[in-house]
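Reading the structure
One-letter residues, chain by chain:
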Amino acid sequence: HMLDIECFTYLNRALESSLAPIVVFATNRGMCTIRGTEIRAPHGIPVDLLDRLLMVRTLPYNLEEIAQIITIRAQTEGLKLTDEALAHLAEVGAKTSLRHFPRANALKPWHPGTARQSPRHPP
């Protein structure tokens, strides 16, 4: 994260208001200095705010889980994948990410003279 001590001060104040927002942090900084100070704290987050957080540890998906996600998405989009294609897509997902696979409908075959349907641009 790129938050400094002034941002944390504002967040603390906002969290104490009657309309307190839900705040989600994602960080892997470990033990480091809080920006704008000389204080070292876990994840670079002030201890008074850190005490109010619920930490959820996440782990990367393994190859089998990635293949299962791709299979479910392909079924949802009405795509038929060969075992070879599924294995290749799972490997690519493991090396990079699954960020672009939700656009799997772009993999559907297109035939000249037919309108390609898209959730954003219906025919």
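Starting from 1, residues in each chain are numbered consecutively following that chain's sequence as written. Owing to the predicted nature of the model, reporting of local features is limited to residues with pLDDT of at least 70; listing and counting of side-chain atom pairs is limited to 80 or more, with chain, interface and lining totals taken over all residues. Excluding hydrogens and water, the side-chain figures rest on all heavy atoms present in the structure.

Quick look at the nonpolar core now. Ranked by size, the top nonpolar core spans 7 residues in total: Phe8, Leu11, Ile34, Ala41, Ile45, Leu49 and Leu50. Here a helix means four or more residues in a row that DSSP labels H or I, a strand means two or more in a row labelled E, and each is numbered from the N terminus. Among the elements of the structure, helix H1 (5–15) and helix H2 (47–50) are those that each provide at least two residues to this core. Only heavy atoms matter for contacts: two residues are in contact if any of them lie within 4.5 Å across the pair. The residues contacting Leu11, other than those within four sequence positions of it, are Leu3, Val23 and Phe25. Among the buried residues, those of types Ala, Val, Leu, Ile, Met, Phe, Trp, Tyr and Cys that are joined through side-chain atoms within 4.5 Å form a nonpolar core. To sort residues, take the accessible area from a 1.4 Å probe on protein chains only and compare it with the maximum for the residue type: under 20% means buried, over 50% means exposed, and anything in between is partly exposed. Listed in part, the 6 residues of the second largest apolar core include Ile66, Ala67, Ile70 and Ala90.

Moving on, we come to H1. Of all the positions in H1, only Phe8, Leu11, Asn12 and Ala14 are classed as buried. Around the axis of H1, the buried residues are gathered within 165° of arc, so they sit on the same side. The outward face of H1, more than 90 degrees from its buried face, is lined by the exposed residues Glu6, Tyr10 and Arg13. Tucked into the core, H1 has its buried residues touching H2. Taken from the helix axis, the directions to the C-beta atoms give the arc we talk about.

Moving on, we get to the side chain of Asn12. As for its placement among the helices and strands, Asn12 is situated in helix H1. For Asn12, a relative accessible area of 12% corresponds to the buried category. Excluding residues that lie within four positions of it along the chain, Asn12 makes contacts with Asp48, Leu49 and Arg52.

Quick look at the environment of Ala94 now. The topology assignment puts Ala94 in helix H4 (residues 83–95). For the pair Ala94 and Glu65, spaced 29 residues apart in the sequence, the C-alpha separation amounts to 9.7 Å. If we ignore the near neighbours within four places in the chain, the residues touching Ala94 are Leu63 and Ile66.

What follows deals with the packing of aromatic side chains. Only Phe, Tyr and Trp rings are paired, with Trp represented by its six-membered ring, and only when their centres lie within 6.5 Å; those with planes under 30 degrees apart are stacked, over 60 edge-to-face, the remainder tilted. Applying the stated criterion across every chain yields a total of 1 aromatic pair. Ring geometry for Phe8 and Phe25: centres 6.3 Å apart, planes at 45°, overall tilted. Separated by 17 residues along the polypeptide, Phe8 in helix H1 and Phe25 in the loop between H1 and strand S1 (31–33) bring together distant segments of the chain. Residue classification places Phe8 among the buried positions, given a relative accessible area of 1%. On the accessibility criterion, Phe25 (24% relative accessible area) is partly exposed.

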